Amino acid sequence: MTFTVDVHHHMLPDFFWQATNEADSPVGGIAPPAWSPEGALSFLDDAGIDVAVTSISTPGVHTGDDAAARTLARRCNEYTAELVRAHPRRFAGFGCLPLPDVDGALDELAYALDDLRLDGVVVFSNARGVYLGDDRMDALFAELQHRRAVVFIHPNASPDPSAHRLGLPDSLIDFTADTTRAVAQMLYGNKFAATPDVTYILSHAGGTVPYLMGRFGIVDEMGVIPGGGQRDTAAATLRRLYYDTALSWGDPVLSMLRSAIGIDHVLFGTDFPYLRRDMAVGCRQRILDSSVLDEDEKGLVLAGNATRLIPRLADLAPTTPIASG
């Protein structure tokens, strides 16, 4: 059985959900079922997934108060570490940061990586309207570069009120658009150029980034955006990022990722528990059944690429059938 790592797997303990989401109006427009460690383990078993790398979800921990956000980030990160300790062969974890409070984020980054030994951090495309490419984030990204950290970029709802007037859930269109906004600003603001040793993972196959790479190339060739001499081409930069398959497992998307990015930079993800459970359980099989991937490529997507990014995951490859715990 092919070893499988889910890099897009949300952890939603009650204290996080109650502090950040309204029951009748969840961020993104989809209310997932109640989350529990037992439910997550049951899902992993049913889906044939060996290890889940957990992360909190939208909107992050900051809802307007710096002190409350710092407290919630610490609680979430300690909970993640406890989950990994309780089930060391089934879970890894990305820590969370109380952005846009950069000072608080720097403190929490050190605690999450040095004290709790988490596997990287999750950040959101924007935190209360402050995008990742904003110059106010420079101190954080300098520290991430110093640490050669793994950074999982997840979308958030757009701060633009007009984006929410279509009567559609944000997760349908605007999440992918917001990922693209964040990546484009980081690219053309030379943030990726300044952090060559950070490993970035983009949710949902990078939003619309792979589809727009030709357009980015035209902008590069025309010299439309200043600072081109300080960065590599869009194509070269975007090919060093990683892209997960959450809600993006179909053969047309995989073909585009192979062409635009390379299968060696594609990672398996489910978006559990937001994706309906039966659909999430089938995600791994969709990769195994793909007609556009060969067997070696399927192994790379399901785990081989992830174990390069987080080497300790390779030690978790089971020698016996999956069992909870």
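Let us look at the structure shown here. Nothing here was measured: the structure is a model prediction, and the numbers come from that model.

Here is what the cut-offs are and how they apply
- Every chain is numbered independently, its residues counted from 1 as its sequence is written.
- Given that the model is predicted, a residue must reach a pLDDT of at least 70 before its local features are reported, and side-chain atom pairs must reach 80 or more before they are shown or counted; all residues, however, enter totals for whole chains, interfaces and linings.
- Note that water and hydrogens are dropped before the side-chain values are worked out from all heavy atoms of the structure.
- Every helix listed is a DSSP run of H or I at least four residues long, and every strand listed is a run of E at least two residues long, numbered separately from the N terminus.
- For a compact globule the rule gives 2.2 Å times the number of residues to the power 0.38, and the radius of gyration it is set against comes from C-alpha atoms.
- Only protein chains enter the accessibility calculation, which uses a 1.4 Å probe; a residue is then buried when its area is under 20% of its type maximum, exposed when over 50%, and partly exposed in between.
- In this analysis, two residues are considered to be in contact whenever any of their non-hydrogen atoms come within 4.5 Å of each other.
- Per-residue accessibility takes into account occlusion by the displayed protein chains alone, with areas from the Shrake-Rupley method and a 1.4 Å probe.
- A pair of strands is labelled paired if DSSP reports no fewer than 2 bridges between them.
- Ring pairs are drawn from Phe, Tyr and Trp, using the six-membered ring of Trp, whenever the two centres fall within 6.5 Å, and their geometry is named by plane angle: stacked under 30 degrees, edge-to-face over 60, tilted for the rest.
- Every helix has an expected span of 1.5 Å times one less than the residues it contains.
- The term polar contact refers here to a pair of N or O atoms within 3.5 Å; inside protein, the definition further demands a hydrogen-donor-capable atom paired with an acceptor-capable atom, and it admits residues adjacent in sequence only when both atoms are side-chain atoms.
- Here an axis means a line fitted to C-alpha atoms, over the contact stretch when the element is a helix, while the angle between two N-to-C directions is reported on a 0 to 180 degree scale.
- Every crossover in which the path from the first strand over the helix to the second runs clockwise, viewed with the strands pointing away from the viewer, is termed right-handed.
- What sets the label is the angle itself: under 35 degrees gives roughly parallel, over 145 gives roughly antiparallel, 65 to 115 gives roughly perpendicular, and the rest give oblique.
- By convention the crossing between two helices is left-handed if the near helix lies anticlockwise of the far one by an angle smaller than a right angle, and right-handed if it lies clockwise.
- Residue type decides the class: Asp, Glu, Lys and Arg count as charged, Ala, Val, Leu, Ile, Met, Phe, Trp, Tyr, Cys and Pro as nonpolar, and the leftover types, Gly among them, as polar.

## Side note on the overall build of the chain
Link 1 in the chain: Within the chain, the secondary structure is distributed over 13 helices and 11 strands.
Link 2 in the chain: Taken over the C-alpha trace, the chain has a radius of gyration of 19 Å; the compact-globule value for 325 residues is 20 Å, and the two agree within 12%.
Link 3 in the chain: Its C-alpha atoms give the chain principal-axis dimensions of roughly 55 × 50 × 45 Å.
Link 4 in the chain: Counting across all 325 residues of the chain, residues that qualify as buried make up 55%.
Link 5 in the chain: Residue pairs in contact within the chain that sit at least 24 positions apart in sequence constitute 81% of those at least 6 positions apart.
Link 6 in the chain: Within the structure as shown, the chain displays about 13,600 Å² of accessible surface, and the carbon and sulfur contribution to it stands at 52%.

## Things to note about the sheet that holds strand β8 (residues 150–154)
Backbone-to-backbone hydrogen bonds join strands into a sheet, with any given pair of strands oriented parallel or antiparallel.
Link 1 in the chain: One open sheet accounts for six strands, arranged β4-β5-β8-β9-β10-β11; its pairing is parallel. Edge strands, defined here as strands with exactly one partner in the open sheet, are β4 (95–96) and β11 (266–267).
Link 2 in the chain: Across four bridges, strand β5 (residues 121–124) lies against β8 in parallel orientation. In the sheet register, Val121 faces β8, and the bridge partner there is Val151.

## So, the packing of aromatic side chains
Link 1 in the chain: Going through the model one piece at a time under the given rule, you end up with seven aromatic pairs.
Link 2 in the chain: Where Phe15 meets Tyr79, the ring centres are 5.7 Å apart and the plane angle is 70°; that geometry is what we call edge-to-face. In this pair, Phe15 is assigned in helix α1 (residues 14–20) and Tyr79 in helix α3 (residues 66–86), connecting sequence segments 64 residues apart.
Link 3 in the chain: Seen in terms of ring centroids, Phe43 and Phe272 are 4.1 Å apart; in terms of plane orientation they differ by 10°. Their pairing is stacked. With Phe43 in helix α2 (residues 37–47) and Phe272 in the loop between β11 and α11 (277–281), this pair connects stretches of sequence that are 229 residues apart.

## Thoughts on unusual backbone geometry
Link 1 in the chain: Cis geometry marks the peptide bond from Thr58 to Pro59; its omega dihedral reads 5°.
Link 2 in the chain: In this structure, the amide linkage connecting Phe272 to the following residue, Pro273, adopts the cis form with an omega of 5°.
Link 3 in the chain: Position of Pro273 among the secondary structure elements: in the loop between β11 and α11.
Link 4 in the chain: In this structure, Arg117 takes a positive phi of about 60° despite not being glycine.
Link 5 in the chain: Take Arg117: it is sitting in the loop between α4 (102–115) and β5.
Link 6 in the chain: For Arg117, a relative accessible area of 59% corresponds to the exposed category.

## Re the environment of Arg74
Link 1 in the chain: Mapping Arg74 onto the fold places it in helix α3.
Link 2 in the chain: Separated by 23 residues in sequence, Arg74 and Val51 have C-alpha atoms that sit 23 Å apart.
Link 3 in the chain: Among all residues touching Arg74, those that are not within four sequence positions of it are Glu108 and Tyr111.

## Details of α3
An α-helix turns once every 3.6 residues. As a result, residues three or four positions apart point the same way.
Link 1 in the chain: With 21 residues, α3 extends 30 Å from end C-alpha to end C-alpha; this agrees with the ideal 30 Å at 1.5 Å per step.
Link 2 in the chain: Taken together, the buried positions of α3 are Ala69, Leu72, Ala73, Cys76, Asn77, Thr80, Ala81, Leu83 and Val84.
Link 3 in the chain: Where the residues of α3 are buried, they touch α1, α2, β2 (51–55), β3 (91–93), β4 and α4.
Link 4 in the chain: You can read the cap of α3 off the contacts: a side-chain oxygen lies 3.2 Å from the backbone nitrogen of Ala67, and it is on Asp65.

## Concerning the sheet that holds β3
Link 1 in the chain: Spatial strand order, β1-β2-β3: three strands in an open sheet with parallel pairing. Every other strand in the sheet has two partners, leaving β1 (5–10) and β3 as the edge strands with one partner each. Each strand of the sheet is rotated relative to its neighbour by a mean of 30°, with strand direction disregarded.
Link 2 in the chain: Bridge count between β1 and β2: four bridges; the pairing is parallel. Residue pairing across strands places Val5 opposite Val51, the latter belonging to β2.

## Brief notes about the environment of Asp138
Link 1 in the chain: Structurally, Asp138 can be placed in helix α5 (residues 138–147).
Link 2 in the chain: Owing to a relative accessible area of 35%, Asp138 belongs among the partly exposed residues under this scheme.
Link 3 in the chain: Along the chain, Asp138 and Leu316 lie 178 residues apart, while their C-alpha atoms are 35 Å from each other.

## Structural notes on the pairing of β2
Link 1 in the chain: With five of five residues buried, β2 is to be regarded as a mostly interior element.
Link 2 in the chain: Neither face of β2 is left uncovered, since the one carrying Val51, Val53 and Ser55 and the one carrying Ala52 and Thr54 both have all their residues buried.
Link 3 in the chain: Running through α3, the crossover from β2 to the neighbouring parallel element β3 is right-handed.

## Focus on the packing of α3 against α4
Link 1 in the chain: Look at α3 against α4: their axes get within 11 Å of each other, and the N-to-C directions meet at 15°. Considering the angle they form, α3 stands roughly parallel to α4. Seen from above, α3 lies across α4 with right-handed handedness. Here Arg70, Ala73, Arg74, Asn77 and Glu78 of α3 come into contact with α4, specifically with Asp103, Gly104, Asp107, Glu108, Tyr111 and Ala112.
Link 2 in the chain: A per-class count over the contact of α3 with α4 returns three nonpolar, two polar and six charged.

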